[in-house]
Amino acid sequence: MNCDQCGGTSSGSCEGCGGCSNTALYLSPEELEMLRRFAQTPFLPAAAKNGPDGPVFLEEPGQDPRELRNTLRSLAKKGLIRVDYDIPISNFDYRAYEAYPLHGSMALTARGQAVVELMEIQGVEE
């Protein structure tokens with residue numbers, strides 16, 4: 001059976017992305033922290049110069065924007081968040097994102113919400 005997320009197979013070559021129903025979902029500490037952030041704030045701003053170079057998220061002072069971008073891309077690839085550049089957050093001040101012509105939002109998917117709920121109920125294994 002092919003994995004819907006990474007293209008591997010559930011019999012061994014799946015990359016642990018969680019797309020296969022019988023494989024574990026592996027999350028980095030950075031991904032876990034961002035999921036906790038999404039649990040607190042359902043919609044976060046996103047920006048990009050063009051679709052493939054995003055998402056840019058500047059609301060975490062002191063964090064490297066490139067590392068944060070990689071974390072967000074990984075969460076999106078795993079189907080845990082969705083980034084929509086055509087749905088900006090109403091009344092959000094995008095001035096910090098002026099260098100990026102695309103302004104949108106990010107939110108948990110239903111799968112991401114289920115993972116957050118499991119994290120809260122069952123905890124997280126190292």
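These numbers were taken from a predicted model, which means no experiment stands behind them.

*Asks:* Looking at this model, I keep getting lost on the pattern of salt bridges. Mind explaining?
*Replies:* Where charged atoms of side chains with opposite charge meet at close range, the side chains can pair. Throughout the structure, instances matching the rule amount to 6 salt bridges. Among the salt bridges present, the one from Glu60 reaches Arg37, with a minimum N-O distance of 1.9 Å. Of this pair, Glu60 sits in the loop between strand S1 (43-48) and helix H2 (65-77) while Arg37 sits in helix H1 (residues 29-40), placing them 23 residues apart in sequence. On the basis of relative accessible area, Arg37 is assigned to the partly exposed category, the value being 21%.

*Asks:* Can you walk me through the packing of H1 against H2 in this structure?
*Replies:* When two helices pack together, their arrangement is given by the angle between the helix axes and by the axis-to-axis distance. Taken N-terminus to C-terminus, the directions of H1 and H2 make an angle of 75°; their axes are 10 Å apart at the nearest point. Viewed along their axes, H1 and H2 adopt a mutual orientation that is roughly perpendicular. Facing H1, whose interface residues are Glu30, Glu31, Met34, Leu35 and Phe38, H2 presents Leu68, Thr71, Leu72, Ser74 and Leu75. When its residues are assigned to classes, the contact of H1 with H2 shows 6 nonpolar, 2 polar and 2 charged.

*Asks:* For this particular structure, what's the right way to read helix H3 (residues 110-122)?
*Replies:* Compared with an ideal rise of 1.5 Å per residue, which puts 13 residues at 18 Å, H3 spans 18 Å between its outermost C-alpha atoms and is within 8% of the ideal. On the buried face of H3, the contacting elements are H1 and strand S3 (102-108).

*Asks:* Explanation requested: the packing of H1 against H3 in the structure shown.
*Replies:* Between H1 and H3, whose axes approach to 10 Å, the crossing angle comes to 100°. As judged from the angle between their axes, H1 and H3 are roughly perpendicular. Residue-level inspection shows Leu32, Leu35, Arg36 and Ala39 of H1 in contact with H3, the latter providing Val115, Val116, Met119 and Glu120. Tallied by class, residues from the contact of H1 with H3 come to 6 nonpolar, no polar and 2 charged.

*Asks:* Would you mind showing me how to read the sheet that holds strand S2 (residues 81-84) here?
*Replies:* Strand-to-strand pairing in sheets goes through backbone hydrogen bonds, with the strands running parallel or antiparallel. If you walk across this open sheet you meet the 3 strands as S1-S3-S2, and the pairing is antiparallel. Edge positions in the open sheet fall to S1 and S2, since each of these has one partner strand only. The sheet shows a mean angle of 30° between the axes of neighbouring strands, direction not considered. Contacts from H1 reach S1, S2 and S3, with the element oriented near 95° to S3.

*Asks:* Sorry if this is basic, but what is going on with the packing of aromatic side chains here?
*Replies:* Here the distance between the centres and the angle between the planes together describe a pair of aromatic rings. On inspection of all chains with the given rule, the structure shows 3 aromatic pairs. Centre to centre, the rings of Phe92 and Tyr94 are 4.8 Å apart; their planes meet at 75°, and the pair counts as edge-to-face. Here the aromatic rings of Tyr94 and Tyr97 are separated by 5.9 Å at their centres, their planes lie at 65°, and the arrangement is edge-to-face. Taken as a pair, Tyr94 and Tyr97 share a single burial class, namely buried. Ring pairing ties together the aromatic residues Phe92, Tyr94 and Tyr97, which thus form one cluster.

*Asks:* Please clarify how the pairing of S1 should be interpreted in this entry.
*Replies:* Walk down a regular strand and you will see the side chains alternate between the two sheet faces. With 5 of 6 residues buried, S1 is to be regarded as a mostly interior element. In this structure, S1 lies alongside S3, joined through 6 bridges in antiparallel fashion. Among the inter-strand pairings, Leu44 is bridged to a residue of S3, identified as Met106.

What counts as what
Residue indices begin from 1 for each chain and proceed along its sequence in written order. Given that this is a predicted model, residues contribute local features only at a pLDDT of at least 70 and side-chain atom pairs are listed and counted only at 80 or more, while totals for whole chains, interfaces and linings are drawn from all residues. Excluding hydrogens and water, the side-chain figures rest on all heavy atoms present in the structure. What counts as a salt bridge is simple: a side-chain nitrogen of Lys or Arg found within 4 Å of a carboxyl oxygen of Asp or Glu. The way it works is that DSSP assigns letters per residue, a run of H or I at least four long becomes a helix, a run of E at least two long becomes a strand, and they are numbered from the N terminus. Residue exposure (1.4 Å probe, protein chains only): buried if accessible area is under 20% of the type maximum, exposed if over 50%, otherwise partly exposed. Every angle, taken between N-to-C directions, lies between 0 and 180 degrees, and every axis is a line fitted to C-alpha atoms, over only the stretch in contact when it is a helix. An angle counts as roughly parallel when it lies under 35 degrees, as roughly antiparallel when it exceeds 145, as roughly perpendicular when it falls between 65 and 115, and as oblique in every other case. Contacts between residues were defined by any pair of non-hydrogen atoms, one from each residue, lying within 4.5 Å. Residues are sorted three ways: Asp, Glu, Lys and Arg are charged, Ala, Val, Leu, Ile, Met, Phe, Trp, Tyr, Cys and Pro are nonpolar, and all the rest, Gly among them, are polar. Here the expected span of a helix is defined as 1.5 Å times the quantity of residues minus one. Two strands are counted as paired when DSSP detects at least two bridges linking them. When the centres of two rings from Phe, Tyr and Trp lie within 6.5 Å, Trp using its six-membered ring, the rings pair. Their planes under 30 degrees apart give stacked, over 60 give edge-to-face, and anything left gives tilted.

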